[in-house]
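Residue-level structural notes
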Amino acid sequence: MTDLTRLSAADLAGRLATGEVSSVEATQAHLDRIAAVEPAVHAFLHVNGEDALATARDVDARRAAGEDLHVLAGVPIAVKDIVVTRGMPTTAGSRILEGWVPPYDATITTRLREAGLPILGKTNMDEFAMGSSTEHSAYGNTHNPWDLDRIPGGSGGGSAAAVAAYEAPLAIGTDTGGSIRQPGAVTGTVGVKPTYGGVSRYGLIALASSLDQAGPVTRTVLDSALLHELIGGHDPRDSTSIPEPLPALVDAARRGATGDLSGVRVGVVTELGGEGYQAGVRARFEESLELLRGAGAEIVEVSCPHFTYALGAYYLILPSEASSNLAKFDGMRFGLRVEPTEGPVTAERVMGATRGAGFGDEVKRRIILGTYALSAGYYDAYYGSAQKVRTLIQRDFAAAFERADVLVSPTAPTTAFRLGEKLDDPLAMYLNDVATIPANLAGVPGMSVPNGLSDDGLPVGLQILAPAKADDRLYRVGAALESLLENTWGAPLLSRAPELEVVT
Amino acid sequence: MSTVSTTAVELVDYDEAIDRFDPVIGIEVHVELGTRTKMFDPAPQTFGAEPNTAVSPVSLGLPGALPVVNGTAVEYAIRIGLALNCQIAERCRFARKNYFYPDVPKNFQTSQYDEPIAFEGYLDVELEDGTVFRVEIERAHMEEDAGKNTHVGGSTGRIHGAEYSLVDYNRAGIPLVEIVTKPITGAGARAPEVARAYVQALRDIFRTLGVSEARMERGNVRADVNLSLRPTPESPLGTRTETKNVNSFRSVERAVRYEVSRQAAILAAGGTVVQETRHWHEDTGVTTPGRVKSDAEDYRYFPEPDLVPVAPSREWVEKIRASLPELPGARRRRLTDEWGYAEPEMRDVLNAGALDLIEATVAAGASPAAARKWWMGELARTAKQREVELAELPVTPAQVGELQALVDSGRINDKLARQVLDGVLAGEGSPEEVLVARGLGVVSDDGALLAAIDEVLAAQPDVADRIRGGRVQAVGAIVGGVMKATRGQADAGRVRELILSRLGVEG
C-alpha cells in the first residue's frame, strides 16, 4: 500500500478527488507519522489531532455529497506557531504566550479552514521568529531530519522539518529575513516568500511589520504554487495587502515543469556568492546555472552594490519595529503574568517582571537594540539611515530587473550547522541570512529550491528572486530547475535523506 | 501686593497678575469623531456599554491584529481641517507613539506625528461683546483614544492610594482629532475669555459639521490648556504648564484664570514655574501638579509600518469643501443682516439657544421680529418656569409660525394667541386645533356683534342715552360689556365703531 505521507500535496489531492483515498486516511497517516518521528525531530509545539480528523471527516462527507471542493480540500497542513489559530494554542515560540489560546483566526487560518485543510498542529520556531536555527524557541530544539544533530534552519525550522520528515505535505511559514527560505535550503525543501503584501499578515504575530510575509513550505514547487494561490490575494483587514489578484502561479509552475526556459534572462547577483560561501554550496550553484543555460535561459551577471549594507540596515529596521510590536506583551491582557517577588505590585512593575521572565535573551537583545535605535537623537542616524539603505537596495533591484527576469543566488552560505555551534555568536548567526535579507528589505518575492547536496552530504538551496508582484516567475523558473535536477538525480532530493528511526 | 492663600498655594489677584505679566495660552482640543466604528478597527463605537464589550482583537491589541484606517474618520478630519481654514496634506502618515500604560492596549498609540492631515489654519472667535479674535491653528491630526482606567479603593479616585485598577477598552481606538493652536498672544486680560470662546466655537463647528455629537459632559470634547506668563508682550515665552482634561467651557476660563494667578505668584516671588502637567479640579477650581514633563520623556516615534500613507486626492478634498455646511460664525453674521436684528439682540438669541428655532420659525412664514418676540418672550418665560431648554418645549417652530399666521390674518389677537399657545404647550394639538377646540376665534361677523351690542344697550339704556346725547367717551362701558359677552373674542375697535353707528353718533 502507498505510504500516503510520501505523496506530494498535488498527488494526494488528486487521489482524494478521485475517492481513492479519504482525507481521514491521509490525516491519520500523517498523525501516525508525527507520533512516530516527533521524539526525534520535535517539529511541533502542538498537535491538533482530534480537530484535524474532524475537519477530514467533514471534507470526506462533503465530497461524498458531491460538493464542489477546493483542490487542496482534505490535504493536511502544519502551521507555524506564529499564525493565530482560534481554539489552538499559539505561542510564537515564547514563554510569554504559554497557554494563550487566541479568540480569533488569522486570515490565512480562515482560508485554510474554509478550503477544508485539516490543521495537523503548530510548528516550532525561534521565539517571535528571531533566529536562523530554531534554537531560540522557548520549547526546545527542532532537529534536522537529514542529521538530527544539526539545526533545521530558522526561524521556521519546525515547518521545514515537518515537511522534510513527511509529517506534513504542506506547511505555512513566515519570512522576515529568510525564515522560510533558509530552513528550506538546509532541509532540502521548497520555501516561498511571496511579494510583500501578497499574503495577508492579519493574524500573524508581528516581528517586523514592514518585512514580515507568510508563505508556503512544501516538498515540490507545484505544491507551493497551490498553497500560495489559496492563502494569497487581497485582504481588507491588512492595509498593506495588495489590492490586485495574484498572478497565475499554478499555471506558471506547470509551464516551468516542462523544463523549457527559452528567452528567460537569469541574473546572477555578484554580491550574493563567492567569499564566505561554502565550496559545495558554490559548486552546486554553478552546476545549476549550467542546467538553466541548457534549458534555454540566458545567464547574465548583475551587480547590486548596496546589498553589502543590507544586513546592517536589516538589523536596525527589524529590532526597531520589533521593539514596538512586542510592547503589547506585558501581562496585562493575555499570556504570562508575573508579579514581582518583592516590593509593591504596580502595573509598571508587573509589566517589567513579566517581560523579564517571559522573553528569551535573543528577544531582549533585539528589543534593546530597537529601543536604542528609535531613541530621540539617534533616530536619524540609525532608523533613518537604514531606511535610506532600503531605498538604495530597492533601486539596485530595479536596475537588476531591467537586465534580468529573475535573479539567482545560493539561498544560504552554508549547509546546516550543528546545534549549539553558533548560539553564542549572534553575528555568525545573523550572517546566515545575508542572501535572503535583501528581498525582504525591497519587498520582492523569493523562493528556495532544493539544489543538491554539498560535500558534507547535506542539502543546499538555490534562491530565485523576482520583481514585486511577479511571483509567477519564481514558479516558472523554480519548477524548471526542480524538474531538470530531478532528471539528473533520478528522484527527488529528499529521497536521499536518511530514514528516521520511528517510535512504534 | 495682596495675595490670597488656598491650600498653601499663593495666588496673586487676577487683575494684579495681568498688570505685571502678559499671558500666552495654547489649547489642545481632542474631539471624538462620531463614526460608526473605531479609528482602525471594525469594533462599534458605543457610549455606556458594558465594559469591554465594544472591542475586537484590534482594539484589545491582541497578537496578530492589524489596524485599517477608517475612511469616514479621515473625511471628518478633513472637514474639521477645512472648517479651520487649514491646508490638507496631500500625503500623510500615521506614527507610533511608544509608551507603556495599561489603558493603551498595544503600548503604543497610533497617532500622527510630523505629518498631520491638516495644518496652518485659523479660527475667528467672537467674544461676548462682539469683538472678533483670531486664533492661529498649528495643526489638526488624527489619532486613537485610549481605554479608560478606573482606580478602585483610596479616596481620590486617582491611581495613588488605589487598591486596584480596572481598564475598560470600549473607548480604546475611538477616532480622535486633536487640534493644536499656535501660541495665542495678545489676548491680555481677556485670555480666559478667549480660551473659553475658542473651545465653544470649536464645539459649535463640530456639531455643525456633523462630525461629533460634541457633548462636553460625555467627554466628546476635551481640552488641555497650556499657559505661560512673560513680563511683557516683547519678552520671550515663559515656562508653560499644561492643564489636562478641562472639560467644560466654564472650566476652561477658570483654569486659565487660576494658572495666571498661580504662576504670577511664583514669578513675583522670584521663583520659577515648573514645566509640568497639571490636573484641573472642577469642584475646588484649582490645578494640582501631575507628572513632571521633562526632556527625558521619549516616545520613540516612528512611522506606523502597518498602515499605508493617507493620500486624500485633491478632487476628494474639493468635494468635501463644497459639501461643507455654512459655519456658525458666517451663519450668525448672515442672519443678523437678513433679520435686521441689533447686535445685542442677536447675542441674546444666541445665548438663549434660540437661533435654530427662530430660523425655522421664519422659514415657517413668521417675520423675524415676530419669531424673536415669541421665542425670546412668552416661550423663554415658559422654559425658564419649567427649567428646560427652549428646544425642549413641546412646541415646534412650525407651530409658532402657524400661530403667528393666525394673528397676521386677524383671526386671533395677541391676547388670544397667548391662550392658543398655552393650549399647544398643554398638548392640546396644533394652534388651529386649539383655536377650534377652545372656541377662541375673533368674532368678525358684524351680525353677531350687533346682536351682542343690542343686548348690552338694552340692558343699559341710560348709558345709551348719554352717548346719543354726545358723551362719546361713555362708549367704553358698552364696549366692555360686549367684550365680556363675547369672552374677549371680539375686535374692540370694530365693536366701538358698530356701537357708535348703531346709535347714530359720529365717532
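Residues numbered from 1 in each chain as written. Chains lettered and ligands numbered in written order. Predicted model: local features only at pLDDT ≥ 70, side-chain atom pairs only at ≥ 80, totals over all residues.

Considerations on the environment of Glu127 of chain A
Residues and elements named next belong to chain A. Where we set the bar: Here a strand is any run of E in DSSP of at least two residues, a helix any run of H or I of at least four, and the numbering for each starts at the N terminus. To assign burial, the other C-beta atoms lying within 10 Å of each residue's own C-beta are counted, with C-beta atoms placed from the backbone; 20 or more indicates buried, 12 or fewer indicates exposed, and intermediate counts indicate partly exposed. The contact rule is simple: place each C-beta atom from the backbone, and if two of them lie within 7 Å, those residues are in contact.
Inspection of the secondary structure puts Glu127 in the loop between strand 3 (119–123) and helix 5 (157–164). With 27 C-beta atoms counted inside 10 Å, the residue Glu127 sits in the buried group. Spatially, the C-alpha atom of Glu127 lies 41 Å from that of Arg293, the residues being 166 residues apart in sequence. Beyond its immediate sequence surroundings of up to four residues, Glu127 is in contact with Ala92, Gly93, Ser94, His136, Ser137, Ala138, Gly360, Glu362 and Val363.

Things to note about the sheet that holds strand 16 (residues 302–303) of chain B
Whenever strands of a sheet pair, they do so through backbone hydrogen bonds, lying parallel or antiparallel. All names here are of chain B. Heads up, the rule is: At least two DSSP bridges between two strands are required for those strands to pair.
The 3 strands lie next to each other as 6-5-16, forming an open sheet whose pairing is antiparallel. Sheet topology places strand 6 (108–111) and strand 16 at the edges, where each strand pairs with a single neighbour. Summarising the sheet, strand 5 (residues 95–98) and strand 16 pair through 2 bridges and their orientation is antiparallel. Across the sheet, the residue bridging to Arg96 is Phe302, located in strand 16.

Section: the UniProt feature "active site" (unreviewed entry) in chain A
Residues and elements named next belong to chain A. Quick reminder of the rule: UniProt positions are given in the numbering used here, feature names are shortened, and annotations may be inferred rather than shown by experiment.
In the numbering used here, UniProt assigns the feature "active site" (unreviewed entry) to Lys80, Ser155 and Ser179. A maximum C-alpha distance of 10.9 Å is found for the annotated residues, which run over 100 residues; spatially they form one tight group. For Lys80, the location among the structural elements is in strand 2 (residues 77–80). Under the C-beta neighbour-count criterion, Lys80 is labelled buried, with 32 such atoms within 10 Å. Excluding residues within four positions of it along the chain, Lys80 makes contact with Thr123, Met125, Gly156, Gly158, Ser159, Ile172, Gly173 and Thr174. Its place among the elements puts Ser155 in the loop between strand 3 and helix 5. Given 34 C-beta atoms within a 10 Å radius, Ser155 is considered buried. Filtering out sequence-adjacent residues up to four positions away, Ser155 remains in contact with Met125, Asp126, Ala129, Met130, Gly131, Thr134 and Ser179.

Digging into the interface of chain B and chain A
Using the following cut-off: The residue classification treats Ala, Val, Leu, Ile, Met, Phe, Trp, Tyr, Cys and Pro as nonpolar and Asp, Glu, Lys and Arg as charged. All others, Gly included, are polar.
Contacts between the two partners involve 25 residues from chain B, matched on the other side by 33 residues from chain A. Each residue belonging to the side of chain B that touches chain A can be placed in one class, and the counts come to 16 nonpolar, 4 polar and 5 charged.

Section: the nonpolar core
Rule in force here: Think of a nonpolar core as buried Ala, Val, Leu, Ile, Met, Phe, Trp, Tyr and Cys residues chained together by C-beta atoms that fall within 7 Å.
Within the largest apolar cluster, 246 residues are counted, with the highest numbers of intra-cluster contacts made by Ile77 of chain A together with Ala77 and Tyr198 of chain B. Per-element accounting of this core gives the leading share, 10 residues, to helix 3 (residues 191–209) of chain B.

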